[in-house]
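Chain residues, written in single-letter form:
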2 protein chains.
Amino acid sequence: MSPQLHTGSETSTFKVPKCKKVLRVDTINPQVREVQYAVRGEIAIRAEELKSELETKGSNLPFNEIVNINIGNPQQLKQKPITFFRQVASLVEYPDLLLDENRDKAKLLFASDAIERAKILVNACGGSVGAYSHSQGIPHIRKNVAKFIEERDGYPADMNKIFLTMGASAGVQLALRFIIEHSKVGIMIPIPQYPLYTATLSLYDGQAVPYYLNEEKDWGMDIGELKKSVDEARRKDIDVRALCIINPGNPTGQCLTEQNMREVIEFCQRERLVLLADEVYQENIYMPSTRPFHSFKKVLKSMGPSFDDVELISFHSISKGMIGECGRRGGYFECQGIDKEVVDEMYKISSVSLCPNIQGQIMVDLMVSPPRPGDESYDLYKKEVDDIYQSLRRRSNLLCDAFNELEGVTCNRAEGALYLFPRVRLPEGAIKAATKAGKTPDDFYSLAMLNETGVCVVPGSGFGQEKDTSHFRATFLPPEELFSEFIDLLKRFHQGFMEKYRD
Amino acid sequence: MSPQLHTGSETSTFKVPKCKKVLRVDTINPQVREVQYAVRGEIAIRAEELKSELETKGSNLPFNEIVNINIGNPQQLKQKPITFFRQVASLVEYPDLLLDENRDKAKLLFASDAIERAKILVNACGGSVGAYSHSQGIPHIRKNVAKFIEERDGYPADMNKIFLTMGASAGVQLALRFIIEHSKVGIMIPIPQYPLYTATLSLYDGQAVPYYLNEEKDWGMDIGELKKSVDEARRKDIDVRALCIINPGNPTGQCLTEQNMREVIEFCQRERLVLLADEVYQENIYMPSTRPFHSFKKVLKSMGPSFDDVELISFHSISKGMIGECGRRGGYFECQGIDKEVVDEMYKISSVSLCPNIQGQIMVDLMVSPPRPGDESYDLYKKEVDDIYQSLRRRSNLLCDAFNELEGVTCNRAEGALYLFPRVRLPEGAIKAATKAGKTPDDFYSLAMLNETGVCVVPGSGFGQEKDTSHFRATFLPPEELFSEFIDLLKRFHQGFMEKYRD
């Protein structure tokens, strides 16, 4: 890219006419321009338009509301926040509620253990949730994260290797920024993948090195496929340095077996790859007996000291699980086997953005240390979490069954996460009509679904898919009581679409 | 930078021994390595160590606490949050408080207008502050920001050209990312400057094009200096595309006159520069009759339609003013004269990070639409804001006077913002001792101050300063009742230091 001058000074030459803007779509950072982000792409924008149209009286649309199953946004679809968490979040904001003189009044509205926890947290913030904290996150909260990891995995965790972040996305972006030393650095990403990865690689000018998940084998990982992918990239002089895994998978919902994870860790050691483990769906496990969640940290540690050199960064978030506090932007990552000097540099870069937002940090604390048996809030907490969990499990099965009943559609069951990723075999007529409209078949199908039903999904091409296949991603987050109606709507649409374009 | 391969695959060559980490300080993104960030640099880290030492019983330090006047972190230094703002922040977190059945209990603890506002905001969030919002920010809040700008300036503002952000820093970083098309793009920055600018330019591989503020003229801007700076850079083939201004200034506290601002806008038009106006201190104005705040948007609009083509991005934040809610990470920027396609790209990039945190967005709403006369909370709100304001003004003068009494120290009065930036003329002996210790004189002086008094400032070299001068930045945020003690401590330190190194 050769510099193009934009100047009115006599000392330099004009290369653009003076009437044009300095900042134009053809003069901005080209990496910015190249970013593609389907989750909030064309279809999401069309959904916003339809939503405005619905709000205008006299709309002639064939539906009454937009059902956003395109984004994992539980509380937008009426998932109720966990009471204890929100009581603490409320109390820390207004410390007058914690004063002894207000105790009786506060106890009419808040549980005692919520009041106690809020006091501890306000104190840990240095007295106010409105102050900047340590750039790596409040030490008290990082200590609790370390404890949580130790209890989960049975191996020690170090609070100084934990960074609190504004959602897992911010952590993933920080890690990728560090790893991409130059534009030939390659990062292995699953296909299908959550498009944060490809978008960030475009933005930071790195190379995406795709490896395919196997749809026929429940979207499992195949070491042969990984090896093929890394070898092919290296033959093209791509300097492959990291492997990203989303487990449980997004959009695929797979949950890796321990055996498979061991093979992946061995592969990373052999091929000298930093392992980035996006584990934000670790609580969303729907087949716990056959497909439980294992953290990569635990599996790595269980493999003994000869694997201690493996470089692993694991990400977690308050956005998913049964918490679903995604708008709050909170999360953390843990470094394992990462060079101390690199961790120091991570701290330096975090400090440029001052600190992760305190409200997100506080929710991380609550996530990693929820009420325990015997605490005043425990029973309610337990019931709320169990209810959400059981309902998500039922909904995932209901929607999966519904998809599998549709003509030409097959869908793997969600072992974890919040999504289904059905494959749709579209008639030739639909593929031709899509081409004529300048769209991919999956875009064409998903846009038709939105326009006819108000149901907003994300076309598979936004995540990547095998050539000549069409998928879409749908969350199973709409309220359970609306499920039969919403499934009916989808069925009728699909049938009509297939009829219209039948060969 | 030529690619360096790190691989264990047979298909490629080893260039590093296998025992080394993939991710090392010499293999990370070189831009990351180059970032310098003094506000949280060596001295801040030393302050953290001393704080830990103080917490350990039996410390032998000559002071009892660390006074952090290195960062504009008002609530860390006991500035009380505004009650109305925090009541609303508390209520939105726990919507049970808004239920009719809890109204009587809630009214024991919260003002009625806070309850009403919380209802509006929860509704504007789609029912929960835990859900992702529109990536550009909640429309209702952007509408209120537009109204605020219109009332402040007397010119229309468009909610679709306003982006809510996680603090002003995130907005500045987004703008710089867009403008830096390639590594020869230059961005004009004031010296002294807030180091976010140089840090971000390192990170995004752009060129800092410094222009000097004039210490003798109350840190004013001189168009001749700007012209000299841009010409010199362009002669070196730097493609200068933008001019950053911090007004009121950080660390310098200057507040630009309207006449000076007009000249700057004319300069930007003539030289084809995007103007980035960091106006986060717009409420911190201590000489309102002689040096009132004018926004660049207002001044630009007042210059008539022939200046409508000037590209301006203005930044504001909830972190400063009398709010001081910096840990919450909230802010916004407004685009003026920015190409529509570029604004669309900004939306796309914002969507990759999903949305700014809702708690920050809510505080932006409260900042731009505080209680009005006649509202239940108005009197208390007005009193709290006035008290903080008057106290900041008194403290800025007290500290400035104290600095000016010190031998060899001169300090301009703060017309605005939260900082003083005194110049210290150090004896030759101190300069020699600094060189011997491998430090700049200002680093050496500031570190000595920290070690002897517990007062933590930022050395001037972190912001940039004229060659062979030494400054430091100090906030005047410590509680007023501690001022005389803390000033005494500084005086004694300074005197001792000067004695020790006297020529």
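So, how was this worked out
Residues numbered from 1 in each chain as written. Chains lettered and ligands numbered in written order. Predicted model: local features only at pLDDT ≥ 70, side-chain atom pairs only at ≥ 80, totals over all residues. Heavy atoms only, no water. Helix = DSSP H or I, 4+ residues; strand = E, 2+ residues; numbered from the N terminus. Rg over C-alpha atoms; globule rule 2.2 N^0.38 Å. Buried < 20%, exposed > 50% of the residue type's maximum accessible area, 1.4 Å probe, protein only. Contact = heavy atoms within 4.5 Å. Areas by Shrake-Rupley, 256 points an atom, 1.4 Å probe, with all protein chains shown as cover. Lys, Arg positive; Asp, Glu negative; His and termini not counted. Charge placed at Lys NZ, Arg CZ, Asp CG, Glu CD. UniProt positions renumbered as here; feature names shortened; annotations may be inferred. Least-squares fit on C-alpha atoms with pLDDT ≥ 70 in both. Pairing = 2+ DSSP bridges. Phe/Tyr/Trp six-rings, centres within 6.5 Å; stacked < 30°, edge-to-face > 60°. Lys NZ or Arg CZ within 6 Å of the ring centre and 35° of its normal. Disulfide = S-S within 2.5 Å. Axes fitted to C-alpha atoms, helices over the stretch in contact; angles between N-to-C directions. Buried area = accessible area lost by both parts, 1.4 Å probe. Salt bridge = Lys/Arg side-chain N within 4 Å of Asp/Glu carboxyl O. Polar contact = N/O pair within 3.5 Å; in protein donor to acceptor, adjacent residues only side chain to side chain. Nonpolar A, V, L, I, M, F, W, Y, C, P; charged D, E, K, R; others polar. Parallel < 35°, antiparallel > 145°, perpendicular 65-115°, else oblique. Left-handed = near helix turned anticlockwise from the far one by under 90°. Domains from an automatic or database assignment. 1 Å grid on protein atoms, 1.4 Å probe; cavity = no way out; pocket = protein on both sides within 12 Å on 5 of 7 lines; lining within 4 Å. Points joined across faces, edges and corners; volume = space filled by probe spheres on them.

When helices and strands are counted, chain A shows 17 helices and 14 strands. For chain A, whose C-alpha radius of gyration is 24 Å, the value lies close to the compact-globule estimate of 23 Å for 503 residues. Expressed along its principal axes, the backbone C-alpha trace of chain A runs to roughly 70 × 60 × 60 Å. By the burial criterion, 64% of the 503 residues in chain A qualify as buried. In chain A, once contacts between residues fewer than 6 apart in sequence are set aside, the share between residues at least 24 apart is 72%. Carbon together with sulfur atoms contributes 49% to the accessible area of chain A, which is approximately 18,400 Å² in total. In chain A, which carries 62 positive and 70 negative side-chain charges, the distance between the mean positions of the two groups comes to 3 Å.

Moving on, we come to the UniProt feature "domain: Aminotransferase class I/classII large" (unreviewed entry) in chain A. Per the UniProt annotation, the sites labelled "domain: Aminotransferase class I/classII large" (unreviewed entry) are residues 120-482 of chain A. End C-alpha atoms of residues 120-482 of chain A are separated by 41 Å, and the span's content is 41% helix alongside 15% strand.

Let us now look at the relation of the copies chain A and chain B. Superposing chain A onto chain B takes a rotation of 180° combined with a translation of 0.0 Å along the rotation axis, leaving an RMSD of 0.0 Å. Look at the turn and shift together and you get a two-fold axis relating the two. Distance from the rotation axis, computed per C-alpha, reaches its smallest value in chain A at Ser90(A): 2.1 Å. A symmetric contact is evident, with 99% of the interface residues of chain A recurring at the interface of chain B.

Taken in spatial order, the three strands make up an open sheet running S10-S14-S13 (chain B), and their pairing is antiparallel. Of all strands in the sheet, those bounded by a partner on one side alone are strand S10 (419-420) and strand S13 (458-459) of chain B.

Enumeration over the complete set of coordinates arrives at 38 aromatic pairs over all chains. Centre to centre, the rings of Tyr281(A) and Tyr419(A) are 5.6 Å apart; their planes meet at 85°, and the pair counts as edge-to-face. Residue Tyr281(A) is found in the loop between strand S6 (274-278) and helix H11 (296-302), and its partner Tyr419(A) is found in strand S10 (residues 419-420); the two are separated by 138 residues along the sequence. Taken as a pair, Tyr281(A) and Tyr419(A) share a single burial class, namely buried. Taken together, the ring pairs connect Phe403(A), Phe444(A), Tyr445(A), Phe472(A), Phe493(A), Phe497(A) and Tyr501(A) into an aromatic cluster. Above the ring of Tyr419(A), the side-chain terminus of Arg473(A) is found at 4.0 Å from the ring centroid. Seen from the ring of Tyr204(B), Arg177(B) lies directly overhead, with NZ or CZ sitting 4.5 Å from the centre.

Let's shift gears to the state of the cysteines. Following the criterion strictly, the structure yields zero disulfides over all chains and no others. Just so you know, Cys326(A) is unpaired, no disulfide at all, and the nearest cysteine sulfur is the one on Cys355(B), 7.1 Å from it. Judged by its relative accessible area of 0%, Cys326(A) falls in the buried class. This cysteine, Cys456(A), is not joined by any disulfide, and Cys326(A) carries the nearest cysteine sulfur, 15 Å off.

Here we come to the sheet that holds strand S3 (residues 185-191) of chain B. All names here are of chain B. Taking strand neighbours across the sheet as the criterion, the seven strands line up as S2-S8-S7-S6-S5-S3-S4 in an open arrangement whose pairing is mixed. Since the sheet does not close on itself, it has two edges, and those belong to strand S2 (162-165) and strand S4 (207-212), each with one partner. Adjacent strand axes in the sheet meet at a mean angle of 20° when their direction is disregarded. Two strands pair when backbone bridges link them, and strand S6 (residues 274-278) and strand S7 (residues 312-317) are joined in this way by four bridges, in the parallel orientation. The partner of Asp278 across the bridge, within S7, is Phe315. Across the sheet, helix H6 (residues 139-153) is in contact with S2, S7 and strand S8 (331-336); its angle to S2 comes to roughly 115°. Across the sheet, helix H7 (residues 167-179) is in contact with S2, S3, strand S5 (239-246), S6, S7 and S8; its angle to S7 comes to roughly 160°.

What follows covers the interface of chain A and chain B. Each partner contributes to the interface: chain A provides 126 residues, whereas chain B provides 125 residues. Summing both sides of the interface, chain A and chain B together bury roughly 10,100 Å²; the carbon and sulfur share of this comes to 57%. A salt bridge links Glu93(B) to Arg328(A), with the shortest nitrogen-to-oxygen separation between them at 2.9 Å. At the boundary of chain A with chain B, the tally comes to 45 residue pairs in polar contact (both at pLDDT 80 or more). The element that contributes the greatest number of residues to the side of chain A that touches chain B is helix H12 (residues 340-352) of chain A, accounting for eight residues. Among the residues making up the side of chain A that touches chain B, the classes are represented as 51 nonpolar, 36 polar and 39 charged.

With that settled, the discussion passes to helix H3 (residues 83-93) of chain B. Counting buried positions over the eleven residues of H3(B) gives eleven, a clear majority of the element. All buried positions along H3(B) are accounted for by Thr83(B), Phe84(B), Phe85(B), Arg86(B), Gln87(B), Val88(B), Ala89(B), Ser90(B), Leu91(B), Val92(B) and Glu93(B). Buried residues in H3(B) make contact with helix H3 (83-93) of chain A together with helix H4 (103-109), helix H5 (112-124), helix H13 (358-368) and helix H14 (378-405) of chain B.

On to the environment of Leu61(A), then. Mapped onto the fold, Leu61(A) is located in the loop between helix H2 (42-55) and strand S1 (67-68). Residues contacting Leu61(A), with those up to four places away along its chain left out, are Leu50(A), Glu53(A) and Leu54(A).

What follows concerns the packing of H3(B) against H13(B). Axis angle and axis distance: for two packed helices, these are the angle between their axes and the distance between the axes, and together they describe the pair. Residues and elements named next belong to chain B. Following both chains from N to C, one finds H3 and H13 inclined at 140°, their axes separated by 10 Å at the closest point. Comparing their axes, H13 and H3 come out oblique. Note on packing geometry: the crossing formed by H3 with H13 is right-handed. Where H3 approaches H13, its residues Phe84, Phe85, Val88, Ala89, Val92 and Glu93 are matched on the opposing element by Gln359, Ile362, Met363, Leu366 and Met367.

All names here are of chain A. Taken domain by domain, chain A consists of domain 1 (30-78 + 381-501) and domain 2 (129-368). Of the residues lining the interface, 35 residues belong to domain 1; the matching set on domain 2 comes to 37 residues. Buried area between domain 1 and domain 2, summed over both chains or domains, comes out near 3,200 Å², and the portion from carbon and sulfur atoms is 56%. At the junction of domain 1 with domain 2, the criterion picks out one salt bridge. Between Arg291 and Glu415 there is a salt bridge; the shortest N-O distance is 3.1 Å. Connecting domain 1 to domain 2 are 19 residue pairs in polar contact (both at pLDDT 80 or more). Broken down by secondary-structure element, the contributors of at least two residues to the side of domain 1 that touches domain 2 are helix H1 (30-34), helix H14 (378-405) and S10. The greatest single-element share of the side of domain 1 that touches domain 2, amounting to five residues, is contributed by H14.

Inspection of the secondary structure assignment puts Ser135(A) in the loop between helix H5 (112-124) and helix H6 (139-153). There is a polar contact of 2.7 Å between the side chain of Ser135(A) and the backbone oxygen of Leu354(A).

For the structure shown, the criterion picks out eight cavities of 30 Å³ or more. Taken as a whole, the largest cavity encloses approximately 980 Å³ of empty space. Residue lining of the largest cavity: 40 residues in total, with Ala170(A), Gln173(A), Ser353(A), Gln173(B) and Ser353(B) positioned closest to the centre. Every element with two or more residues in the lining of the largest cavity is listed here: strand S2 (162-165), helix H7 (167-179) and H12 of chain A together with S2, H7 and helix H12 (340-352) of chain B.

Residues and elements named next belong to chain B. The interhelical angle for the contact between H3 and H5, taken along N-to-C directions, is 50°, at an axis separation of 9 Å. As summarised for this structure, H3 and H5 are arranged oblique, according to the angle between their axes. Crossing of H3 over H5 shows right-handed handedness. Listed contacts from H5 to Phe84, Gln87, Val88, Leu91 and Val92 of H3 are Asp113, Ala114, Ile115, Arg117, Ala118, Leu121 and Val122.

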